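Coordinate analysis (summary)
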Amino acid sequence: MLHRSRFIAAAVASFLLAAPAAQAETPADTLIQAYTLDEIISLDPAEVFEFMPSEVIGNSYETLIGYDPADVTKVFGKVAESWTVSEDGKTISFTIRQGRQFASGNPITADDVVFSLVRAVKLDKSPAFILTQFGFTPDNVEAQIVKTGDYSFDLKMDNSYAPSLVLYCLTATVAAVVDKKLAMEHEVNGDFGYEWLKTGYAGSGPFVIREWRPNEVLVLERNDNYSGDAPALVRSIYRHVPESATQRLLLEQGDVDIARNLSPEDLAALASNPDIAVQSGVKGSLYYMGLNQKNENLAKPEVREAMKYLVDYQAIADTILKGGAKVHQAFLPEGFLGAVNDTPYSLDVAKAKELLAAAGLPDGFTVKMSVRNSGEFAAIAEAIQQTMAQGGVMLELIPGDSSQNLTEYRARQHDIFFGQWGPDYQDPHTNADTFARNTDNSDEAASKPLAWRNSWPAEELSKETAAAMLERDADKRAAMYTELQKKVMADGPFIIMFQQTENVALRANVKGFVVGPSFNDNSFIGVTKE
Amino acid sequence: MTLSSETPEGRGSALPAFLWKAAKIAASVALTLLGLLLVTFLIGRVVPVDPVLSVVGDRASKSTYDRVFLELGLDKPLWQQFWIYLKNVLSGDLGESFLTKRPIAEDLIRVFPATLELATVGLLIGTVLGIPLGVLAAVKQGKLADQVVRVIGLVGYSAPIFWLGLLGLLVFYARLGWVAGPGRVDITYEYDFTVKTGIMLWDTATQGRWEAFRNVVSHLILPAMLLGYFSMAYISRMTRSFMLQELAQEYITAARVKGVPEGRVIWVHALKNAAVPLVTVVALFYANLLEGSVLTETVFAWPGLGMYLTNSLQNADMNAVLGGTLLIGLCFVGLNLFSDLLYSLLDPRVRRRR
């Protein structure tokens, strides 16, 4: 008896001691990234809208139109070969490249492209507005987007929009080309294969989505039917690792090749590690405060201006965001047509006090600010609270979950909202449409742009925004957006502070990863491991 | 032949009595679960989070928003929403999660085994270490050994699990390389075996994938030790106090006077009696672990129930929250029944009373 238990104990001990250490390198043909995957709620391009999944779509589907991530003004056809704009500017005729195929082996034809666009409009999921803003509705879309040949189709809009606006919207993931035949094989009750595609795949991109286990792993494999240059990687895997410190350990140990969500502290700690490289890309997301004009103090123009002088922009960028963002004060991010990159505001307590006195508030006032209780938001809010107090504006911070804050914001129940806004596509209209448009300031308004959420009636600006949307001369259009930004910057209820930079930490042997201006431009297609 | 149950009279009433008891248990279980669902449902609807926003996001047009609002049935009165949900649950449909776009049942089947495996191994470690330590502390009350056990327990009680987890990873994974890192299995072994039960120890062992099995153990050992340490801290304290009670009883003095060896007095006489309340303590602690430890799962990138529920709750994915709550409720009820059963096995008085 004793003998046997000793034997078992010895066996267990030897087994545990022999358990392999985790120093194994990741396989050479596989890229493994640590990422927070809880943003993925669908894999159907007609529905995908969040940052992380749009990167997945960007690497696995193809859009009609693309642009050079290094210079977004260089627009070119991907699935489309060429296009012409009609005299009246309302119709764009596209020609599709021939001889290309989906991962399934089905050929890519005009049928598929028309199907994909019509499908997105009819399904009417979150990103559908990117297409419907051109006058498409579920009822009329089949008459507006029509096939004219096996490899050609017409896009008929309700107005003569700036062609660049239309083209940029067609680079968005909502316009990705879906394999009609494959999707329709899985159609149930006229859902265009949505039930199936939300966890499935029907694209033609360099990678195929093989498996998605929520909050666990997402696996992509090389698409052997891809028409472009074949990727060197056979497999690309995202692992859900929610904690920054854990991502860092995995990266340092070589158990992942790339860590995507490192905190500024963890990134700083990796700077001296020769095995790790950091790649950065300026993203379009802006950190801003929204001042609700229903609050009588915030509604005073002098108060709005004063508060813009009560933020220590540079200090927050340097000490809290540490390379995760840079100071930016206009509503168009740097890199966009017409973007204003001047930063006229900096911490100036004396000037702010003067303005507050002029507003009849020499002793300042107290106001609530709703803040997301995660990541860098709390730290930034506290820094803002400190400098605001110097001018007499006492902020009462209300921490909350991001979805809770958003619910409150959209109901206009906040005083000050502190959060982020990212553009939906690379055309300036995307942000002008929300920061500088509010045609109905009533509580029942159908549309809830940021100007509405802050109860800021922007009648004149709305007209200018609408006009800029139609301007076909690029230089004139740029000037119009510059004008709009300056007006919002001077008088608007927004304190725009920073533009986000995405930092990606990679093992030094990983080459060819691209950090693009938008998340669907982030690409591992050209990645090799040396 | 004098046992009462052997009389015709006793035999006649035995079956209905048993049925009556089973029905009583079933009714109380059903009522408990119903109450649990109702409270969770109401809390979910009171939380100031708009579930539609979690589905359509911030940018969707009004038509999209309105459509989803109707799809989720949010236009109906609360009681009606609950009634519909209840009817679906009774017909075996837990609904669909709008975060994962899958049936809740499928989600739970995927995430629960991860938590079950971790919690079970953790509890085993905690019990195997905690009970002897508790006995030791009780026997050596006030002496050095007692103090040491108390300090170990105190650290287990008060140190944040998040911090201990990271420290553990830093030392045993990053520095020493003794264990594998966060996650359940290395990517290399990920497709080496078929996930059948989701209990990876079982899946790898039954398929004879011993390399993968070792890798799974290597991943599991650190978080399990961590949970084990926490259970040990609790179990050892409870054992100590139960043992002190028993050791002060007269039957112990009587046994000692009779000359029963001290080892037998402690491990057989006292512990056997202390075991009765201890079973409940351990069972309830196990149920606690099965809820999933969000922080442990976060640090160790462990795709379990805790992480799933937290994520669902934050996004007001109420179907998922309700489904998870139901599962946890079942665990609690099941373990309670199990400990009752063990009670009657361990304690002849309880057995007879029944």
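Residues numbered from 1 in each chain as written. Chains lettered and ligands numbered in written order. Predicted model: local features only at pLDDT ≥ 70, side-chain atom pairs only at ≥ 80, totals over all residues. Heavy atoms only, no water.

Moving on, we come to the overall build of chain B. Scanning chain B from terminus to terminus reveals 16 helices and 0 strands. Looking at chain B residue by residue over its 354 residues, the buried ones come to 48%. Carbon and sulfur atoms make up 68% of the accessible area of chain B, which amounts to about 17,900 Å² in all. Taking the average place of the 31 positive charges on the side chains of chain B and the average place of its 26 negative ones, the gap between the two points comes to 9 Å. (Helix = DSSP H or I, 4+ residues; strand = E, 2+ residues; numbered from the N terminus. Buried < 20%, exposed > 50% of the residue type's maximum accessible area, 1.4 Å probe, protein only. Areas by Shrake-Rupley, 256 points an atom, 1.4 Å probe, with all protein chains shown as cover. Lys, Arg positive; Asp, Glu negative; His and termini not counted. Charge placed at Lys NZ, Arg CZ, Asp CG, Glu CD.)

Residue and element names in this part refer to chain B. As for its placement among the helices and strands, Thr296 is situated in helix 13 (residues 294-299). By relative accessible area, which is 1% here, Thr296 ends up buried. Ignoring any residue separated from it by four or fewer positions in sequence, one finds Thr296 in contact with Ile161, Pro223, Leu226 and Leu227. (Contact = heavy atoms within 4.5 Å.)

Before going further, it helps to examine the packing of helix 7 (residues 161-175) of chain B against helix 10 (residues 210-247) of chain B. Packed helices, taken two at a time, are described by the angle their axes make and the gap between the axes. Residue and element names in this part refer to chain B. Running from N to C, helix 7 and helix 10 cross one another at 140°; their axes reach a closest spacing of 10 Å. One element, helix 7, and the other, helix 10, form an angle in the oblique class. For helix 7 against helix 10, the interelement crossing comes out right-handed. Here Ile161, Leu164, Gly165, Gly168, Leu169 and Phe172 of helix 7 lie close against helix 10, whose contacting residues are Leu222, Leu226, Leu227, Tyr229 and Phe230. (Axes fitted to C-alpha atoms, helices over the stretch in contact; angles between N-to-C directions. Parallel < 35°, antiparallel > 145°, perpendicular 65-115°, else oblique. Left-handed = near helix turned anticlockwise from the far one by under 90°.)

Let us look at the packing of aromatic side chains. Residues and elements named next belong to chain A. With the rule as written, the count across this model stands at 28 aromatic pairs over all chains. When the centroid spacing of 4.4 Å and the interplanar angle of 15° are considered together, the rings of Phe51 and Phe519 count as stacked. A residue pair is termed long-range when its members are at least 10 positions apart, and Phe51 in helix 2 (residues 51-60) and Phe519 in the loop between strand 18 (510-511) and strand 19 (528-529) qualify at 468 residues. Residue classification places Phe51 among the partly exposed positions, given a relative accessible area of 31%. Of the residues examined, Phe519 reaches a relative accessible area of 9% and is grouped as buried. (Phe/Tyr/Trp six-rings, centres within 6.5 Å; stacked < 30°, edge-to-face > 60°.)

Of note in the backbone geometry, A:Lys322 takes a positive phi value of approximately 40° without being a glycine. Residue A:Lys322 is classed as partly exposed on the basis of its relative accessible area of 40%.

Residue and element names in this part refer to chain A. Under the counting rule described, the total for this entry stands at 38 salt bridges over all chains. Two residues, Arg412 and Asp443, come together in a salt bridge whose shortest N-O distance is 2.5 Å. Of this pair, Arg412 sits in the loop between helix 15 (402-410) and strand 16 (416-421) while Asp443 sits in the loop between helix 16 (429-435) and helix 17 (450-453); the two residues are 31 residues apart in sequence, bridging distant segments of the chain. What makes Arg412 buried here is its relative accessible area of 5%. Across the pair Glu460 and Lys463 runs a salt bridge whose closest N-O atoms are separated by 3.5 Å. Of the two residues, Glu460 and Lys463 are both situated in helix 18 (residues 459-470); the distance of 3 residues between them amounts to about one turn of the helix. The structure contains a network of salt bridges with shared partners spanning Glu55, Arg260, Lys283 and Glu502. (Salt bridge = Lys/Arg side-chain N within 4 Å of Asp/Glu carboxyl O.)

Our focus in this paragraph is helix 6 (residues 144-158) of chain B. Residues spaced three or four apart along an α-helix point in a common direction, a consequence of the helix completing one turn every 3.6 residues. Residue and element names in this part refer to chain B. Over its 15 residues, helix 6 runs 21 Å from end to end, which matches the ideal 21 Å to within 8%, given 1.5 Å per residue. Among the residues making up helix 6, those that are buried are Asp146, Val149, Gly153 and Gly156. What you see down the axis of helix 6 is that its buried residues fit within an arc of 90°, all on one side. Exposed residues on helix 6 whose side chains face more than 90 degrees from its buried face are Leu144, Leu154 and Ser158. At its buried positions, helix 6 is contacted by helix 5 (104-139) and helix 10. (Expected span 1.5 Å × (residues − 1). Arc of directions from axis to C-beta.)

A separate point is the interface of chain A and chain B. Chain A puts 54 residues into the contact, and the matching count from chain B is 52 residues. Interface of chain A and chain B: buried area, both sides summed, is about 4,700 Å²; carbon and sulfur atoms make up 56% of it. Summed over the shared surface of chain A and chain B, the result is 4 salt bridges. The salt bridge involving A:Arg213 is made with B:Glu190; its shortest N-O contact spans 2.4 Å. Across the contact surface, chain A and chain B share 17 residue pairs in polar contact (both at pLDDT 80 or more). Residue assignment for the side of chain A that touches chain B shows that the elements contributing at least two residues are helix 1 (2-18), helix 8 (194-197), strand 8 (207-213), strand 10 (235-240), helix 9 (244-253) and helix 15 of chain A. Here the side of chain A that touches chain B is composed, by residue class, of 26 nonpolar, 12 polar and 16 charged. (Buried area = accessible area lost by both parts, 1.4 Å probe. Polar contact = N/O pair within 3.5 Å; in protein donor to acceptor, adjacent residues only side chain to side chain. Nonpolar A, V, L, I, M, F, W, Y, C, P; charged D, E, K, R; others polar.)

All names here are of chain B. For Met200, the location among the structural elements is in helix 9 (residues 200-206). Judged by its relative accessible area of 6%, Met200 is buried. Once the C-alpha coordinates of Met200 and Pro113 are considered, the two residues, 87 residues apart in sequence, prove to be 8.4 Å apart. Contact partners of Met200, with chain neighbours within four places excluded, come to Glu117, Arg184, Val185, Phe193 and Val216.

All right, on to the nonpolar core then. Grouped together as the largest cluster of nonpolar side chains are 89 residues, with contacts concentrated most on B:Met243 and B:Leu305. Looking at which element gives the most residues to this core, the answer is helix 12 (residues 262-290) of chain B, with 14 residues. If you look at the next biggest cluster of nonpolar residues, it comprises 79 residues, including A:Val113, A:Leu155, A:Leu506 and A:Val515. (Core = buried A, V, L, I, M, F, W, Y, C linked by side-chain atoms within 4.5 Å.)

A word on a nonpolar patch on the surface. All names here are of chain B. A contiguous nonpolar surface patch, about 650 Å² in accessible area, is contributed by Trp163, Leu167, Leu170, Val171, Phe172, Leu176 and Trp178. Within the fold, Trp178 resides in the loop between helix 7 and helix 8 (187-190). Taking the relative accessible area as the measure of exposure, Trp178 reaches 54% and is therefore exposed. (Patch = residues over 30% accessible without salt bridge, like charges linked within 9 Å, V, L, I, M, F, W, Y side chains within 5 Å.)

All names here are of chain B. When pLDDT is averaged across chain B, the result is 86; 94% of the residues are at 70 or more. Here helix 16 (residues 348-353) is the element of chain B with the lowest mean pLDDT, 67, and helix 5 is the one with the highest, 93. For this predicted complex, the interface confidence score (ipTM) comes to 0.83, while the overall pTM stands at 0.86. (pLDDT = per-residue confidence, 0-100.)

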